[in-house]
Structure formats: C-alpha cells, structure tokens
Amino acid sequence: MTPTHSHLMLDEATFGEQVERHRRELHVHCYRMLGSFEESEDLVQETFLRAWRRRHTYEGRAPLRAWLYRIATNACLDALDKRPRKASPTGEVLWLQPYPDELLDELVADEPGPDAAVVSKETIELAFLVAIQRLPALQRAALIVRDVLGFSAKETAALLETSVPAVNSALQRARAGMSANLPERRLEWAPGTDASAAERELLERLIAHSEDPNPEGLAELMHDEVRFSMPPQPGVWEGRDVVVGSWVEGGFGTEAFGSLRLAVTRFNRQLAVANYVRKPGDRAYSPLALDVLRIAEGKIVEIVTFDGSLFDALGLPSRYPEGSGGAGTTTVPASMS
C-alpha cells in the first residue's frame, strides 16, 4: 500500500468524501442488479460499510471506482443469493420499481465521463431491467460490468473473482438471453431526453381522457397489442380493449372511483404520468399510481403501473401540485432529498 493511499483510506472524513462521490452511480448499478429502487439504497449503504471495514485492503493500484464496484457487485450477489427471485410464468418481474430521471441526471450534470456512460446507453429503460432480471445472477453481473460499465474481461474477472474464460462464457450466455427477452425492434423506440411534439400531444390527450373519463378516447391512444402490468401484482393484460376494459371493470369513470388529476414526469428515461385521485368526500387529491409509458409510432405500446404508496420514496409530491404546470399540463420532478 502506498503511503498516499494508506493515509487517505485510513482518514474517515477523507474516505467518506472519496466514496460519496460515487454514490449515485453505485445506486444505479445496484438498481440494475436488483430491479428495486428501494433495495438498491440498502445495498449502497452495505457497500460503503464493507468498504470502510476493508479500507486497509485498498492498495491504490486500481482506481477507487473499480474497487467500489467490486464491493457493490458482490454485495448484490450476496443479496440475490439470500433472496433468490424468479420472474412469473408470464414474464413479469414482480419486484420491479422505477428510477427517477432527475436522479439519473445527476450523473451527467457536470461533464461526460464514466459516470455519464452509466446512463447514456439504453440500459436503464424498464424493458432492459425486466430482461436482465430474468438472467442468472452471475450472468447478470457479467453483462452489466462488461457491456454497460465497459470494464475489460480481465477487470471483470478480477471484480467477480473468477477467470476470464468464465466471464466470457457467462457474457455470451447473458447476451443470448437478453436478445431473446428484449422486445423486437427495440432500438427503434429508444428513449430520448425530451418528448417530441407528437408525444406531448399524446400526453395531453391521455391526461384529458383520464381527468374527464373517456375510455374510448384512451383506447385510441394505444397500440392494438398494448401491454399493461402492475408490479408487484401478478398478471399481464394485452390488447387495448382488454386493458381499457380492465380499467372500466375497476370502476374508472364512476363516481365511487373518484376524480383523477395527472402530472407528467419521467422515469427510466421514459415518459410517465403520476395519477392522483380524489375520492367522494375528500378535499385533496392523493397518490394513486405512477404509469411509466413506452411509446412507439405515435401509440402507447406498454404501460407499467406502480402503486401510489411508492410516491414518497420516489420523490413525487404526496398531494397533487395544483397550478404548477402550464397549458393544462402539470409537470412534477421526481427526486429524493
């Protein structure tokens, strides 16, 4: 251990400052590994705890970032080993949670670099998260470290404490699995940073037909083969008549269901709407659900809905932010303090 790194790693304040700058990218890394926003925070804390306990083992020959990724990856693998999970027979990842774009933007706010690469590729959208959660844990780790983070085969082998041939074999199987699980023509609907004019118009119509209930109008916004799911609830609804029909059966548009207000936001580099409901007798609009949308060729092709109980953890307002938007559309950020 060089004197410089020994001194830095033994000093608690300096140690904390050094590792803290990697918090957000490590959180995203754990999120990819686990698929859960909330559990990823626990794994980052576990990573920092392990790093502090093992600070004497850091010799400074490899970058601190690589050392932390090694600890974080192994913490995730340990967690997956203790809590093995399998996708449902119909393919849903029931533990899936969304990730706020505002927090992803922290990694690219300053200047391009390795942090920016973590989210610049199309590896944070929900379809990727669902596909990668179906892989065995070691294959998942190999693919993330090699293809997303850009570590070499040798670096990946050291990080995963295995051999280069084992990494290459796991990576080959992981790529095959991802190819089979990702939707067709995925690159054609890769998410951008800003909504197009057509997407903004679609959102305005979605909001209008939700706040002034119009099931037929909502159906017109959807692709014939639209998919709808609600993790952690099992089940996938396919086809716009089936999807909208399920909403009507659930009471959408009735007095007992209540009135809706929608606010536009972004999660996983995808457009999303936060739904707030006011039940009969209530004075305020409370969180109901977050809909993360996939849009292609001017139609909604997938809706993944998350329960309103997650709003606080995701940094969404606990009440509908009256009057915060313009031109009839309210926009809310999603961030954590």
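In this convention, every chain numbers its residues from 1, walking through the sequence in written order. Only residues with pLDDT of 70 or above have their local features reported here, since the model is predicted, and side-chain atom pairs are shown and tallied only from 80 upward, although totals for entire chains, interfaces and linings are computed over all residues. As a convention, hydrogens and water are excluded, and side-chain values are obtained from all of the structure's heavy atoms.

1. Some words on the pattern of salt bridges
No. 1: What counts as a salt bridge is simple: a side-chain nitrogen of Lys or Arg found within 4 Å of a carboxyl oxygen of Asp or Glu. Enumeration according to the criterion identifies 16 salt bridges in this entry.
No. 2: Salt-bridge contacts for Arg 83 lead to Glu 39; the nearest nitrogen and oxygen are separated by 2.7 Å. Here the residue Arg 83 occupies a position in the loop between helix H5 (64-82) and helix H6 (101-104), and Glu 39 occupies one in helix H4 (residues 37-53), the gap between them amounting to 44 residues.
No. 3: The class for Arg 83 is partly exposed, based on a relative accessible area of 36%.
No. 4: Residue Arg 266 pairs with Asp 101 through a salt bridge whose shortest N-O separation is 3.1 Å. Placement of the pair is Arg 266 in strand S3 (residues 259-267) and Asp 101 in helix H6, with a sequence separation of 165 residues. Neither Arg 266 nor Asp 101 differs from the other in exposure class; each is buried. Secondary structure counts use DSSP, requiring at least four H or I residues in a row for a helix and at least two E residues in a row for a strand, with both numbered from the N terminus. Each residue is placed in one exposure class: buried if its accessible area under a 1.4 Å probe, protein chains only, is under 20% of its type's maximum, exposed if it is over 50%, and partly exposed if it falls in between.

2. So, the pairing of strand S6 (residues 299-307)
No. 1: Counting buried residues along S6, 7 of its 9 residues qualify, which places the element largely inside the surrounding structure.
No. 2: Of the pairings in the sheet, the one linking strand S1 (residues 222-230) to S6 comprises 4 bridges and is parallel in character. Bridge assignment links Ser 229 to a residue of S6, and that residue is Val 304.
No. 3: A pair of strands counts as paired when DSSP detects no fewer than two bridges linking them. In this sheet, S6 lies alongside strand S5 (residues 286-296) in antiparallel orientation, the contact comprising 8 bridges.

3. Here we look at the packing of aromatic side chains
No. 1: Any Phe, Tyr or Trp ring, taking Trp's six-membered ring, that has another such ring centre within 6.5 Å forms a pair; planes under 30 degrees apart are called stacked, those over 60 apart edge-to-face, and the others tilted. Applying the stated criterion across every chain, the model contains 9 aromatic pairs.
No. 2: Seen from their ring centres, Tyr 69 and Phe 151 are 5.9 Å apart, and the 70° between their planes marks the pair as edge-to-face. Of the two residues, Tyr 69 sits in helix H5 while Phe 151 sits in the loop between helix H9 (137-148) and helix H10 (153-160), which places them 82 residues apart along the sequence.
No. 3: Residue Tyr 69 is classed as buried on the basis of its relative accessible area of 1%.
No. 4: Grouped by ring-pair contacts, the aromatic residues Tyr 276, Tyr 285, Phe 311 and Tyr 320 constitute a single cluster.
No. 5: Think of it as a cone above the ring: NZ of Lys or CZ of Arg counts as a charge over the ring if it is within 6 Å of the ring centre and within 35 degrees of the ring normal. Against the face of Trp 52 rests Arg 55, its NZ or CZ located 3.5 Å from the ring centre.
No. 6: Positioned above the aromatic ring of Phe 257 is the side chain of Lys 279, whose terminal nitrogen or guanidinium carbon lies 5.0 Å from the ring centre.

4. As for helix H12 (residues 197-211)
No. 1: Under the convention used throughout, the expected extent of a helix is 1.5 Å for every residue step, that is, one less than its residue count. Compared with the 21 Å implied by 1.5 Å per residue over 15 residues, the 21 Å span of H12 between its first and last C-alpha is a close match.
No. 2: Looking at the buried side of H12, the elements it contacts are helix H13 (215-220), S3, strand S4 (270-278), S5 and S6. Residues are treated as being in contact if the distance between any of their heavy atoms lies within 4.5 Å.

5. Some points on the packing of H5 against H10
No. 1: Two elements in contact, H5 and H10, have axes whose closest approach is 9 Å; the angle formed by their N-to-C orientations is 55°. Judged by the angle between their axes, H5 and H10 are oblique. With respect to the hand of their crossing, H5 and H10 are arranged in right-handed fashion. Where H5 approaches H10, its residues Ala 66, Tyr 69, Arg 70, Thr 73, Asn 74 and Leu 77 are matched on the opposing element by Ala 158, Leu 159 and Leu 160.
No. 2: Amino acid classes used here: Ala, Val, Leu, Ile, Met, Phe, Trp, Tyr, Cys and Pro are nonpolar; Asp, Glu, Lys and Arg are charged; the rest, including Gly, are polar. Here the residues of the contact of H5 with H10 sort into 6 nonpolar, 2 polar and 1 charged. In this analysis an axis means a line fitted to C-alpha atoms, helices contributing only their contacting stretch, and an angle means the value between N-to-C directions, from 0 to 180 degrees. Convention used here: angles under 35 degrees read as roughly parallel, angles over 145 as roughly antiparallel, angles from 65 to 115 as roughly perpendicular, and any remaining angle as oblique. Should the near helix be turned anticlockwise from the far one by less than a right angle, the crossing is termed left-handed; should it be turned clockwise, right-handed.

6. What to know about the sheet that holds strand S2 (residues 233-238)
No. 1: In spatial order, the strands read S2-S1-S6-S5-S4-S3-S7; together these 7 strands make up an open sheet with mixed pairing. Of all the strands in the sheet, the pair left with one neighbour each is S2 and strand S7 (330-331).
No. 2: As paired strands, S4 and S5 are joined by 6 bridges and run antiparallel to one another. Looking across to S5, one finds that Val 277 is bridged to Ser 286.
No. 3: Across the sheet, H12 lies against S3, S4, S5 and S6, angled at about 155° from S3, the strand it touches most.

7. So, the confidence of the model for the protein
No. 1: Confidence scores labelled pLDDT are given residue by residue by the predictor and lie between 0 and 100. Residues at a pLDDT of 70 or more form 85% of the protein, whose mean pLDDT is 86.
No. 2: Looking over the protein, one finds the lowest element-wise mean pLDDT in helix H1 (residues 3-10), namely 44, and the highest in H13, namely 98.
No. 3: Overall, residues 1-10 carries pLDDT values under 50, and its contacts beyond four positions in sequence, including any with other chains, amount to 22 contacts.

8. Points about the packing of helix H3 (residues 23-34) against H9
No. 1: The contact between H3 and H9 brings their axes to 10 Å, and the two run at 140°. By the angle between their directions, the pair H3 and H9 is classed as oblique. For the pair H3 and H9, the sense of crossing is right-handed. Counted together, His 29, Arg 32 and Met 33 of H3 and Ala 137, Arg 140, Ala 141, Ile 144, Val 145 and Val 148 of H9 form the full contact between these two elements.
No. 2: Classifying every residue of the contact of H3 with H9 by side-chain character gives 6 nonpolar, 1 polar and 2 charged.

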